[in-house]
Amino acid sequence: METGLGLRAAVSGRVLLPGDEGFAEAARPWNLAVEQPVAAVVEAADVDDVAAVVRYARTAGRAVAAQTTGHSAAPGTDGAILLRTRRLDEVVVRPERRLARVGAGVTWDRVLAAATPYGLTGLAGSSPVVGVTGYTLSGGLSWFGRRYGWAADAVTAFEVVDADGERARVTAGSDPELFWALRGGGGDFAIVTAIEFELFPAPALYGGAMAWPLARADEVAAAYLEVTAQAPPALSAWLGRLNLPGVPPMVTVSVAFLGEADEARDLLKPLDAIGGPLQDTRGPLTPAELGAITGDPVDPMPSASGGELLTGLDEAALRVLLHEPIDPLGGVQIRHLGGALAEERPDGGACGALAEPYLLYTFGAVTGPDTAAAIRERQRRIAGDLGGLVTGRRPYICLGAGETVAHTFPAATLDRLRRIKRERDPHGVFLANHPVAH
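Summary of the structure given here. Treat the numbers as computed from the prediction; the structure is a model and nothing was measured. (Residues numbered from 1 in each chain as written. Predicted model: local features only at pLDDT ≥ 70, side-chain atom pairs only at ≥ 80, totals over all residues. Heavy atoms only, no water.)

Let us look at the sheet that holds strand β4 (residues 81-84). Reading across the sheet, the four strands line up as β1-β2-β4-β3 and stay open at both edges, with mixed pairing between neighbours. With partners counted over all chains shown, the strands left at the sheet margins are β1 (14-16) and β3 (64-67), one partner each. For this sheet, the mean inter-axis angle between neighbouring strands, taken without regard to orientation, is 20°. The pairing of β1 with strand β2 (residues 40-43) spans three bridges and is antiparallel. Residue pairing for β2: R14 is matched across the bridge by E43. (Pairing = 2+ DSSP bridges. Helix = DSSP H or I, 4+ residues; strand = E, 2+ residues; numbered from the N terminus. Axes fitted to C-alpha atoms, helices over the stretch in contact; angles between N-to-C directions.)

The topology assignment puts R282 in the loop between β15 (279-280) and β16 (283-285). Residue R282 is classed as buried on the basis of its relative accessible area, which comes to 15%. Here the side chain of R282 touches D272 through a polar contact of 2.5 Å, side chain to side chain. Among the polar contacts listed, one links the side chain of R282 to the side chain of D280, at a separation of 2.9 Å. R282 has contacts with Y206, G207, G208, A209, M210, V255, L268 and D272, leaving out every residue within four places of it along the chain. (Buried < 20%, exposed > 50% of the residue type's maximum accessible area, 1.4 Å probe, protein only. Polar contact = N/O pair within 3.5 Å; in protein donor to acceptor, adjacent residues only side chain to side chain. Contact = heavy atoms within 4.5 Å.)

Going through the model one piece at a time under the given rule, you end up with seven aromatic pairs. Ring geometry for W108 and Y135: centres 5.6 Å apart, planes at 80°, overall edge-to-face. Remark: Y135 occurs in helix α5 (residues 132-137) and W108 occurs in helix α4 (residues 108-115); sequence separation between them is 27 residues. Owing to a relative accessible area of 2%, W108 belongs among the buried residues under this scheme. Note on Y135: relative accessible area 10%, which makes it buried. We note R416 situated over the ring of W180; from NZ or CZ to the ring centre the distance is 3.7 Å. (Phe/Tyr/Trp six-rings, centres within 6.5 Å; stacked < 30°, edge-to-face > 60°. Lys NZ or Arg CZ within 6 Å of the ring centre and 35° of its normal.)

Turning our attention to helix α13 (residues 411-424). Along its 14 residues, α13 runs 20 Å from first to last C-alpha, staying within 8% of the 20 Å computed at 1.5 Å per residue. Those residues of α13 that sit buried are T413, L414, L417, I420 and K421. The arc that holds the buried residues of α13, viewed along the axis, is 125°, so those residues lie on one side. Exposed and facing more than 90 degrees away from the buried side of α13 are A411, A412 and R422. Buried residues along α13 sit in contact with α7 (176-182). (Expected span 1.5 Å × (residues − 1). Arc of directions from axis to C-beta.)

Here we take up the sheet that holds strand β10 (residues 191-198). Read across the open sheet, the five strands follow the order β5-β6-β10-β8-β9; overall the sheet is antiparallel. Only two strands of the sheet have a single partner each, and these edge strands are β5 (91-94) and β9 (167-170). The sheet shows a mean angle of 10° between the axes of neighbouring strands, taken without regard to direction. Relative to β10, strand β6 (residues 99-103) is paired through five bridges, and the arrangement is antiparallel. Bridge pairing links G103 to A194 in β10. Across the sheet, α4 lies against β5, β6 and β10, angled at about 35° from β5, the strand it touches most.

With that settled, consider the pairing of strand β8 (residues 155-161). Of all seven residues making up β8, five are buried, and the element is well covered by its neighbours. Bridge count for β8 against β10 is six bridges, and the pairing is antiparallel. In the strand pairing of β10, F158 is matched with I195. For β8 and β9, the ladder comprises four bridges, and the chain directions are antiparallel. Across the sheet, V161 pairs through a bridge with R167, a residue of β9. As consecutive antiparallel partners, β8 and β9 are separated by five residues, and within that stretch G165 has a phi angle of approximately 80°, a positive value.

Quick look at the environment of D266 now. Tracing the backbone through its elements, the reader meets D266 in helix α9 (residues 261-267). The spacing of D266 and G125 is 141 residues in sequence and 24 Å in space, taken between C-alpha atoms.

The structure is reproduced here in structure tokens:
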């Protein structure tokens with residue numbers, strides 16, 4: 001009760017406590033498989049509310065976990081205050097400077113819709129309903145990452161509330177250490193209330209997905225390897241296997257190309273040579289239509305996912321991924337990396353470079369604890385079967401239950417992040433999905 005009284009007196013937004021009507025829904029993340037047993041939920045009305053919550057939490061000895069959607073929510077929020085930022089929803093596009101400024105409550109679909117009339121795009125991923133802030137703090141692997149790198153490295157400024165409850169604008173010039181940490185190091189260092197980032201020219205886009213019966217997997221994989229071997233940085237291609245209830249097993253290739261349709265079709269000729277696809281949605285796109293390429297779920301659902309970085313693909317690996325049983329997984333996806341993602345940037349953020357050429361992404365629907373455990377066991381078994389192709393490193397956005405940032409960052413990067421955490425948040429006010437101290 002004291003928590004509720006203190007918070008309600010401090011903020012103008014809605015405060016919900018356990019037992020209040022609407023509390024369970026407000027505390028629930030997009031990923032319904034994750035339980036969030038928080039002490040309170042605050043729906044911030046504005047940045048002043050964010051600052052007030054931080055000051056209250058520091059005095060009360062509680063942590064604050066900030067979320068827009070909770071796509072990457074993780075266990076560990078016991079006793080924390082969950083800060084919802086959805087009402088920080090301003091989107092401003094400055095086409096003459098190729099910049100966007102968005103509040104912490106904005107999702108990617110709104111940014112892309114605002115940028116499309118100017119022939120511009122942001123470095124969005126496959127889902128249009130993921131929050132820009134959480135995605136970017138985690139690095140942000142975009143369809144256009146091979147061309148332009150991490151979404152985090154496109155950031156020009158963060159607007160934050162620090163551990164003292166003070167507001168600040170963080171840039172490479174004003175606070176280089178915090179600016180570095182926020183670009184891919186997660187949300188452990190400040191509450192981000194708005195982000196300013198670069199937009200990129202997209203006068204023409206081409207993309208979509210092809211699907212064939214799983215029996216054609218070997219042909220599709222051979223064509224996929226041929227395409228990715230010659231792919232320019234403007235082309236991203238993902239090889240997938242779908243294993244969904246009630247749907248015949250399929251092998252898929254999803255593509256996005258930052259350029260004209262004729263050039264894209266020429267690059268993708270090996271796929272067209274297979275013939276007989278069950279589906280082919282490829283065609284010219286606008287940035288606002290990027291979410292249609294893979295058709296990621298837009299409604300909350302219980303799920304479990306994971307990722308492994310691979311040093312390559314060989315016949316044995318493709319046999320494991322495309323022919324061996326993968327139940328209870330709903331699918332596996334091989335994402336081609338490289339290009340700008342592999343480049344070391346002296347001005348880059350904490351996410352660093354990805355030397356590995358492929359990312360294996362696995363996912364499944366969770367119907368209960370037994371399913372979740374079975375999914376994790378299948379993920380471990382697949383990784384084991386892939387042997388030396390698996391590096392053991394995972395991008396921050398692919399960390400699953402029980403995994404820590406030690407799986408993501410090299411030792412020197414992790415040491416630097418932990419030092420910044422100690423210096424900027426010595427009382428542990430901020431709680432990221434995957435804390436750097438763990």
